[in-house]
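Take a look at the letters that make up each chain.
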Amino acid sequence: MADHWNANGQPKNGASAGTGNPYSIDLVNFTRRLKALYSHWNQYKFDLWSSTDVLAIAMPPASEDLRYLKSSALNIWLLGYEFPETIMVFTKRHIHFLCSQKKASLLEVVKKPAKEAMGLDVVMHVKAKNDDGTTQMDAIFRAIHAQPKVDGNDAPVVGYIAREEPEGKLLETWAGKLKIASFHLTDVSNGLSDLFAVKDEHEILNVKKAAYLALNVMENVVVPKLENVIDEQMEVTHSALMDETEKAILEPSKAKVKLKAENVDICYPPIFQSGGQFDLKPSAQSNDDLLYYDSASVIICAVGARYNSYCSNIARTLMINANSLQSKAYKVLHKAHEAALGALKPGDKISAAYQAALSVVEKDAPELVPNLTKSAGTGMGLEFRESGLNLNAKNDRVVKDGMVFNSSLGFQNVRCETKNPKNQNFSLLIADTVIVRERNVEVLTGKSSKNVTDVTYFLNKNVEEVKRPKVKAEANGTDTFMSKTTLRSDNHEISKEELRRQHQAELAHQKNEETAQRLAGGGNGTGDLRAAAKTSTDLIAYKNVNDLPSQKDLMIQIDQKNEAVLLPIYGSMVPFHVATIRTVSSQQDTNCNCFIRIIFNVPGTPFNPHDANTLKNQGAIYLKEVSFRSKDPRHISEVVQLIKTLRRQVVARESERAERATLVTQEKLQLAGNRFKPLRLTDLWIRPVFVGRGRKIPGALEAHFNGFRYSTTRADERVDIMYGNIKHAFFQPAEKEMITLLHFHLHNHIMVGKKKTKDVQFYVEVMDVVQTLGGGKRSAYDPDEIEEEQRERDRKNKINMDFQSFVNRVNDLWGQPQFNGLDFEFDQPLRELGFHGVPYKASAFIVPSSSSLVELVETPFLVVTLSEIEIVNLERVGLGQKNFDMTIVFKDFKRDVLRIDSIPSTSLDGIKEWLDTTDIKYYESRLNLNWRQILKTITDDPQSFIENGGWEFLNLEASDSDSENSVESDQGYEPSDMESESESDDDDSDSETLVESDDEEEDSEEEEEEEKGKTWEELEREASNADREKGDESDSEEERKRRKMKAFGKSRATSSTGVPKRAKLR
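Residues numbered from 1 in each chain as written. Predicted model: local features only at pLDDT ≥ 70, side-chain atom pairs only at ≥ 80, totals over all residues. Heavy atoms only, no water.

A.B. asks: I would appreciate a short explanation of the pairing of strand E2 (residues 86–90) in the present structure.
C.D. replies: Put simply, side chains in a regular strand alternate between the two faces of the sheet. Counted residue by residue, E2 has five buried out of five residues, so it is predominantly covered. Burial of the side chains of E2 extends over both faces: Thr86, Met88 and Phe90 are buried on one face and Ile87 and Val89 on the other. One ladder, built from five bridges, connects strand E1 (residues 54–59) with E2; its direction is antiparallel. By the bridge assignment for E2, Ile57 is matched with Met88. As defined by bridge partners, E2 adjoins strand E3 (residues 94–99) across four bridges and the pair is classed as antiparallel. Directly across from Ile87, in E3, lies its bridge partner Leu98. Hairpin remark: E2 followed by E3, antiparallel, with three residues in the connecting loop. (Buried < 20%, exposed > 50% of the residue type's maximum accessible area, 1.4 Å probe, protein only. Helix = DSSP H or I, 4+ residues; strand = E, 2+ residues; numbered from the N terminus. Pairing = 2+ DSSP bridges.)

Next comes the structure, spelled out in C-alpha cells:
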C-alpha cells in the first residue's frame, strides 16, 4: 500500500524503513488519532476497555497469507504503516516502542507531536538483530510498575489482543514474560473495534475508492465476462473466473478505473459459485468445477477490493431462466435487504437492521425463514469483518454516523423440486458497501442494479446448445440471429416490433408518393426543392372539405400528413395550417386544469408585415389567439409537442427553400454597439484551425446584432458567422469526451483562414493534458491525486456551466422579436441514443439530435439534416454478425449516399426505434448495395422506378414474395462455377453489379439446393439464351425493365433453405 508497508513489512518499492526511505509518518494524522485513542480509552475505560491501565499491542512478523489483525489495523490507523515484529505499549504518561533500529529511526519523528499534544514521552527500546528483546522487555515492565496506582489496584491491568496468537521469537518471548509478570491481563478487542467503527473523512474517502473499484470490476469485468460465457456457450471454471477477476482488481485499468495499482489489493479471492454448491461465507473458495448456466441455474459472484487497506464488498446473484420459486425468493431477499439498509439509522440499535429484514421474510415468505442468513452483514474498514459490529438480532450497540457496513443478506440452500441434481439446491446473496449518514444510508455500490429483471437472463430454448447456433431464415425471408441469452427481460418486444412495422408500412406508402411527385415534377430527384417547395401563398391544408379526416371526439387533432391542426370551434373541427401558428404554450392552474394557448400570425402587427396573401385578401378577418381547457395534462403536453415539432419541420423546409432560392454573398456583420452588450465566451479554440506560422492561441466568441464574431489577438485571425447562414447550431457539453463545444453547420461555405468550410466549431479542453512529474513531497491526504481529480471535475463542471450560460443567453437573444425570422436555437445531441460507427475512416460515437445526426468530436465532422433524408437502408442485417452498416439516401439523388459502417449489432433495435419515431422510412438488406448504379438507374428512368413500386424493391418481404412467384423461371438457370465479379474491393468500379458480396457460405446438408448469386448481366444473358431455346423472344423492353427493377438489392437471393451469402466489408 502507498501509505503503509505491505504484508512482508517492506514498502512496495522494496525500500527498507531506514536509510533513504521515502516514506514518512503523517504527523497531523498521528496527532489527531492519538488524541482520539486516549479520549476513547478514558471515556469507555470500564465499558469497552476492561478497566485497563496499559495497552500492549504486539505486531507479528510479516506473512504472505491474506489476514486481518487488529494489531495491524492499529498500526495503519495510527502510524500509516504496518510495523512487523514491533511492540507498542501505551501508558498514561509514556508510549514504548520495542523494535529494530530501522523502525526506531522512522518512529523518532512522533516524539515531538506526542509530547506537545498529549504530554506523552515516547521511549524507544531498540533490540539487536538476533536478540530476543528480554532486556528491553524488562525495562518496559519496570516502567509499567513505576506508574501511579489507579483505582486501588496493586497490579496494573494490561490490555492485549487475546485472539492473536504470538508468532516469531520476539512475540513468543513477550507473551511468555507477560503471563508470568504480576499483571492482570484482559482483552481490549472491543475497545479497538469501537475506536475504528466511526470513520473520519479521510477513511471514508479510502472506502469510497475501494467501493468504486469493486463496483467497476463487477460491472465492467465480471458481468460482461459471464454474459459472454453464457452467450458463446463457453466452458470455464469458477477458479479461472476468480483468477481473471483478481487480476482486474490488482490492475484497475482493466476495470476502466484510474487508480494506482500499488494502492489496491483484494479483500478475499473473488468468489464464483454455481451448480448447486454454495457457501455464503466470505471465506468460501471458488472451486475448479465448470460454471453451470443451464435453465433454472443460479450464479453467485462476490468481489472485495481494498484501497489503502480499507475494504469494500459487492455481491450479486444472477439467475438463468429463473423458476417461480427462485423469482419469488429473490424478490423477497431484495426487499429484505432494502429494509435492512433503511433501518441503519444513527441512534438506533444495530439489531434493528436484521429485525427489519427478518420481518419482511416472515411476512412475504415465512417458509424461507430457516434459510435466511443469521446476520445482515458486518462492520467494515481496515478489517473486512470488524468484531462487535455484526448485524445480527442480538447486537444492542448503537449505530453512529460515519460507520461503514458490508450489508450482506442471503438465502442458504433453498430446496427446489427438480430431477436435476445441480438445481435441487440454490442460494441467493446480495451484498453492498454502505456508509451510515445522519439522514440516510449511502450505498456506494448501488449503481450495480439488484432488481430481479436486471439479474435474470433468459435462454432461448429453440437454439441448440452449440457454440455457434445455425442461422435460420424466417418465413418472411429475413435472416435473424437470436442470441442464446437475453438480458433485462424484454417482455414487450414483439408488440413494439409489430407497431413499428405498421408505422413503417405507412411511411413507405407516404415516401413513395412523395418521391413520385418530386420525380414527376421534373426535378429528376435532384433534391433541388425550389421546384417542389410551396410558396407562402400555396400553404393550403385541405383543398376542399371532403379532404378533412373523419371527425372523432371534439379534441385538438394534429394531421401531420397535411400539416394541419384541427381545432374544435362551435362544435366543428376547423383546420389551420401549422405555418399560420406563431407560438403554442401550455400551463396548469391550482385546480389541476390545463390550458393550451395558440397564437396565430396576424398580418399588420409588428414584425408581421403584409404579404401576398393579405394584399390579395384585404377584407379578410384573422384569428389572433385561441385557448382551450382540458383535464388531461398528458394530452395537452402531447399536443403542444406535436405542434412544435411539426411547425419546426415546416418552417425549416420553407426557410431552406427561401434560402436556396436567394443564395447571396454573406452580409456584413453589424456590431452590437450601443444596442446591447455583446455576449462573450472566452478562451476558445477553433476548428478548422487558422493556417499559419507561430503558436496557436485561443480567442473569444461574441454574439452581435446579426451574427457571431470569433477573434484572437492577431488581426488576421477573425471569423464572422451570420445568423442567417447558420443551418444548425449545437451545444455539446463534455461528459465522456475531453472537450466542451459549440458547433455551427452552415448553409453556405465561409472562409476560415484560407480554408473553405461549412462547419465551424469552438471548443475548450476540460482536462489538463500536462501532468507534473516532479519529485516533490506528496501529501498523505492526497496519495492518488484525489485533489487533482476533484479539480478536474470542478473545471469540467465550470466550463460546462459557462457554455450553458452562453447558450441560454444566445437563445434568449434569438427569441426577441427582431429575430423571429430565424426560428432556431441551439440543439443538444442526445447521448443516450448514440451509437458507434465508421462514417469516414475511423470509428466514432455518432449521436442523434432533434433535427440532425451528428458526430462533432472527431474530424471530419458529420452533420446530417434529418429533413434531407429520403430513406435509410440497414445493410448486412440478420447474418449473425457483430456489426452492420447504415446507408443514408438523400432526397438529392445526385448526391452520394452516406455510409456508416461497422455499427455494433447491439445498437440495431435502438436505431430502428429512433428512425421510426422521427418518421424516417428504413429498409433492411442482407448485403451491401451498389447505390451509385441504383441511383443512376432511377434518375435515368424515373417512370419505371415509380411504376415498379418505388422503394419497395428494398422490402425483403415483398422481394421474397416475388422470388417465390418466379421459381418456375429460375429453373432454367444453372449455377456458374466462375467466381463472382463482385469480389473487387474497388468502390469506384464500373461494374454494373448491383450488389457487392463475397462467395456464399455453403451448407453441407443443403449443398445441392444452393444457387450462386449472379450479376444482372449474367441473368440477362442466361434469360436470353433460354428464350431463344424456347423460341420466344417477344419480351418487351418494358418487361425487361420491370424485371431489372425487381433485381435491385437481391442479385438473385439464395433459396430459403440455404445459408445466405456473407456480405463483403468495404
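A.B. asks: Can you walk me through the packing of aromatic side chains in this structure?
C.D. replies: Ring pairs (aromatic) are described by centroid distance and by the angle formed between their planes. Per the counting criterion, the structure on display carries 22 aromatic pairs. Geometrically, the ring pair formed by Phe708 and Trp814 is edge-to-face, given 6.0 Å between the ring centres and 75° between the ring planes. With Phe708 in strand E27 (residues 707–711) and Trp814 in helix H16 (residues 786–814), this pair connects stretches of sequence that are 106 residues apart. Neither Phe708 nor Trp814 differs from the other in exposure class; each is buried. One aromatic cluster is present, built from ring pairs that chain together Phe690, Phe708, Tyr710, Tyr723, Phe744, Phe762, Phe806, Trp814 and Phe826. (Phe/Tyr/Trp six-rings, centres within 6.5 Å; stacked < 30°, edge-to-face > 60°.)

A.B. asks: Just to check I follow, could you spell out the sheet that holds strand E21 (residues 572–577) for this structure?
C.D. replies: Remark on secondary structure: sheet strands pair via backbone hydrogen bonds, oriented parallel or antiparallel. Spatial strand order, E19-E20-E21: three strands in an open sheet with antiparallel pairing. Each edge of the open sheet is held by one strand with a lone partner, namely strand E19 (557–559) and E21. Geometrically, the sheet is characterised by an average inter-axis angle of 30° between neighbouring strands, direction not taken into account. Note: strand E20 (residues 564–569) against E21, six bridges, orientation antiparallel. (Axes fitted to C-alpha atoms, helices over the stretch in contact; angles between N-to-C directions.)

A.B. asks: Where do I start with the nonpolar core in this structure?
C.D. replies: Proteins that are soluble and globular tend to have nonpolar side chains buried together. Of all hydrophobic cores here, the largest spans 135 residues; its most connected members are Leu79, Phe90, Phe97 and Phe411. Broken down by element, the residue count for this core peaks at 15 residues, all from helix H8 (residues 201–231). Sequence-distant contacts of Leu79, that is, excluding residues within four places in its chain, are made with Ile25, Phe30, Leu74, Met88, Phe97, Leu107 and Val110. In this structure, Leu701, Val752, Val766 and Phe826 belong to the second largest nonpolar core, which totals 35 residues. (Core = buried A, V, L, I, M, F, W, Y, C linked by side-chain atoms within 4.5 Å. Contact = heavy atoms within 4.5 Å.)

A.B. asks: Sorry, what's going on with helix H6 (residues 168–180) here?
C.D. replies: Counted at 1.5 Å a residue, the expected span for H6 with its 13 residues is 18 Å, and the 19 Å between its end C-alpha atoms agrees. Within H6 the residues assigned to the buried category are Leu170, Leu171, Thr173, Trp174, Ala175, Lys177 and Leu178. Buried residues along H6 sit in contact with E1, E2, E3, helix H5 (134–146), strand E5 (157–160) and strand E6 (184–187). (Expected span 1.5 Å × (residues − 1).)

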